[in-house]
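Fold and geometry: a report
Here is what each chain is made of, one letter per residue.
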Amino acid sequence: MSSYKVIIAGCGNMANVWADYALTREDTTIVALVDIFPEAAKGFAERKNIDCPIFTDIGEAIQATGANLVLDITIPASHYDIASTAMKLGCNVLAEKPLAETIDQCTELVSMAGEYGKTHAIMQNRRFDPRIRALRNLITDNIIGKVGFASADFFIGAHFGGFRDAMESPLLLDMAIHTFDQARMILGADPVSVYCHEFNPHGSWYAGNAAALCIFEMSDGSVFDYRGSWCAEGAPTSWEAEWRIIGDKGTAIWDGQGAPYADVIKSESQEGKFMYEYDRVINEEVVMPLTFHQGCLDDMFSALSEGRKPETDSSDNIYSMAMVMAAVESARLGAKVDIGRFLNKG
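My aim in this report is to walk through the structure given alongside it, one point at a time. (Residues numbered from 1 in each chain as written. Predicted model: local features only at pLDDT ≥ 70, side-chain atom pairs only at ≥ 80, totals over all residues. Heavy atoms only, no water.)

Regarding its fold elements, the protein presents ten helices and 15 strands. For 346 residues, the compact-globule formula gives about 20 Å, and the C-alpha radius of gyration of the protein, at 21 Å, lands near that figure. Scored against the burial criterion, the 346 residues of the protein give a buried share of 54%. Pairs at least 24 apart in sequence give 68% of the contacts found in the protein among residues at least 6 apart. Summed over all atoms, the accessible surface of the protein reaches about 15400 Å², with 50% contributed by carbon and sulfur. (Helix = DSSP H or I, 4+ residues; strand = E, 2+ residues; numbered from the N terminus. Rg over C-alpha atoms; globule rule 2.2 N^0.38 Å. Buried < 20%, exposed > 50% of the residue type's maximum accessible area, 1.4 Å probe, protein only. Contact = heavy atoms within 4.5 Å. Areas by Shrake-Rupley, 256 points an atom, 1.4 Å probe, with all protein chains shown as cover.)

Attention shifts here to a nonpolar patch on the surface. On the surface, Ile265, Tyr276 and Tyr278 cluster together into a nonpolar patch covering about 270 Å² of accessible area. Take Ile265: it is sitting in strand S13 (residues 261-265). Residue classification places Ile265 among the partly exposed residues on the basis of a relative accessible area of 31%. (Patch = residues over 30% accessible without salt bridge, like charges linked within 9 Å, V, L, I, M, F, W, Y side chains within 5 Å. Salt bridge = Lys/Arg side-chain N within 4 Å of Asp/Glu carboxyl O.)

The subject of this paragraph is the environment of Lys249. Locating Lys249 in the fold gives a position in the loop between strand S11 (242-247) and strand S12 (250-254). In sequence terms Lys249 and Phe160 are 89 residues apart; their C-alpha atoms lie 42 Å from each other. If sequence neighbours within four positions are ignored, Lys249 has contacts with Asn142, Ile143, Ile144, Gly145, Asp263, Val264 and Ile265.

The space that makes up the largest pocket amounts to roughly 1400 Å³. Along its surface, the largest pocket is lined by 48 residues, and Pro76, Lys97, Phe163, Arg164 and Asp174 are the ones closest to its centre. At the level of elements, helix H4 (79-88), helix H7 (163-166), helix H8 (170-187) and helix H10 (314-333) are the ones that each hand at least two residues to the lining of the largest pocket. The residue inventory of the lining of the largest pocket, partitioned by class, reads 28 nonpolar, eleven polar and nine charged. As for the second largest pocket, its lining consists of 13 residues, and the residues nearest its centre are Ala113, Lys118, Thr119, Lys309 and Asp313. When residues of the lining of the second largest pocket are traced back to their parent elements, those giving at least two are helix H5 (103-116), helix H9 (292-306) and H10. If one sorts the elements of the lining of the second largest pocket by residue count, H5 sits on top with three residues. For the lining of the second largest pocket, a count of residues per class yields four nonpolar, five polar and four charged. (1 Å grid on protein atoms, 1.4 Å probe; cavity = no way out; pocket = protein on both sides within 12 Å on 5 of 7 lines; lining within 4 Å. Points joined across faces, edges and corners; volume = space filled by probe spheres on them. Nonpolar A, V, L, I, M, F, W, Y, C, P; charged D, E, K, R; others polar.)

Here we take up H10. In this model, H10 (20 residues) spans 27 Å end to end at C-alpha, consistent with the 28 Å of a helix rising 1.5 Å per residue. Where H10 bends most, at Ser320, the angle is about 25 degrees. Immediately beyond the C-terminal end of H10, within one or two residues, lies Gly334, with a positive phi of roughly 70 degrees. (Expected span 1.5 Å × (residues − 1). Bend = angle between axes of the 7 residues up to and from the residue.)

With that settled, consider the packing of aromatic side chains. Under the definition given, this model contains eleven aromatic pairs. Relative to Tyr226, the ring of Phe180 has its centre 5.2 Å away and its plane inclined at 80 degrees; by these criteria the two rings are edge-to-face. Residue Phe180 is found in helix H8, and its partner Tyr226 is found in strand S10 (residues 223-229); the two are separated by 46 residues along the sequence. When sorted by exposure, Phe180 lands in the same class as Tyr226, which is buried. (Phe/Tyr/Trp six-rings, centres within 6.5 Å; stacked < 30°, edge-to-face > 60°.)

Quick look at the sheet that holds S10 now. Spatial ordering of the open sheet is given by S14-S13-S12-S11-S7-S10-S9-S8-S15, a layout of nine strands whose pairing is mixed. Among the strands making up the open sheet, the edge pair consists of strand S14 (278-282) and strand S15 (337-338). Sheet topology note: the strand S8 (residues 191-199)/S15 ladder contains two bridges and is antiparallel. Counted as the bridge partner of Ser193 is Asp338 from S15. Running at roughly 150 degrees to S10, H8 makes contact with strand S7 (147-155), S8, strand S9 (211-218), S10, S11 and S12 of the sheet. Strand contacts of H10: S8, S9, S10 and S15, with the helix running at about 50 degrees to S8, the strand carrying the most contacts. (Pairing = 2+ DSSP bridges. Axes fitted to C-alpha atoms, helices over the stretch in contact; angles between N-to-C directions.)

Before going further, it helps to spend a moment on H9. Taking 1.5 Å of rise per residue, 15 residues should cover 21 Å, and H9 covers 21 Å from first to last C-alpha, within 8% of that figure. For H9, every residue scored as buried is listed here: His293, Gly295, Cys296, Leu297, Asp299, Met300, Phe301, Ala303 and Leu304. Along its buried surface, H9 packs onto strand S1 (4-9), helix H1 (15-22), strand S2 (28-34), strand S4 (69-72), strand S5 (92-95) and strand S6 (120-122).

Here we come to the packing of H8 against H10. Packing of H8 against H10 brings their axes to within 9 Å, and their N-to-C directions diverge by 130 degrees. It follows that H8 is oblique to H10 by the angle criterion. Of the two possible hands of crossing, H8 and H10 adopt the one that is right-handed. Mapping the contact onto sequence places Leu172, Leu173, Ile177, Phe180, Asp181 and Arg184 in H8 and Asp316, Asn317, Tyr319, Ser320, Met321, Met323, Val324, Met325, Ala327 and Val328 in H10. Split by residue class, the contact of H8 with H10 holds eleven nonpolar, two polar and three charged. (Parallel < 35°, antiparallel > 145°, perpendicular 65-115°, else oblique. Left-handed = near helix turned anticlockwise from the far one by under 90°.)

Looking along a regular strand, one sees side chains alternate from face to face of the sheet. Extensive coverage of S2 is indicated by the burial of six of its seven residues. Relative to S2, S1 runs parallel, the two being bridged by six bridges. For Ala9, the partnering residue across the bridge sits in S2 and is Val34. Regarding topology, H1 serves as the crossover connection from S1 to the parallel S2, and that connection is right-handed. Alignment of S2 against strand S3 (residues 54-55), held across two bridges, turns out to be parallel. Looking at the pairing, Val34 lines up with Phe55 of S3. Chirality of the crossover, the property in question, places the unit of S2, helix H2 (residues 38-48) and S3 among those that are right-handed. (Right-handed = clockwise from strand over helix to strand, strands pointing away.)

Written out as structure tokens, the structure is:
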């Protein structure tokens, strides 16, 4: 018998990655598909050669199939309803980002997972990028010393069409969560406060603000600076952003594409020199059996099997969501915002 009786909720394009991974597992059976458009679910089942019933309601699907795990790949507006219903009916939930649409919903879902003893994890696929792990190692291995400042630049001209073009804060609400979560992972620190200036540059094709500048104070005493735009034509950065992390022994650099490196103060005495000399340390990619979406999914499933919290458990991911929500609030107020109050801590 399968350990995991899975319902896939949401049969759009992103569901392909999730289904492909689930179908590789001998301990997993897809017992139902859920989509508000039954024809979309039917077409998905045919393409993936999945033989299971189709539903439009998650509660009905769980009760009819006895499922114990829900993969939620629906739109953000559905995440709270899907997760809360699934956990109440005895299912663990692995979901696409964001955790939920509001910080109150996020807090409630984290509390609910604890109350019902269920795992609720969020897809943050960039945590399983070997290059990002290598960049983090330059900090955790004390190569550059104690970090005081980190910055990430994200500049891409993305012509999506559809709902993003109509959002009030498309960059912050739909994309920045990835870079903010990367910063938490790389620094090993959580957010304390933020000041954000959000705007919509000349020539933007978005209705809402497609650019933002954010200054975060972090729990380790460092400052994280984010500069981003989704309507920046020409000279695009990587989708993983361009990074500069400055410690008291040197600086780590990652262009978001190749291997990260660090320039570190030479060990010999440099007393009296105006500018110190440096040794370059190149960090090779970390070897990982599975990466990106599949790596994150594998960690989620392994955590279920091992009885531990996955790396992207909602109780951790809520800190990344708080960075997003607090940044939006700061931009609205034109003032620095204490992130603790978004986490019911202040």
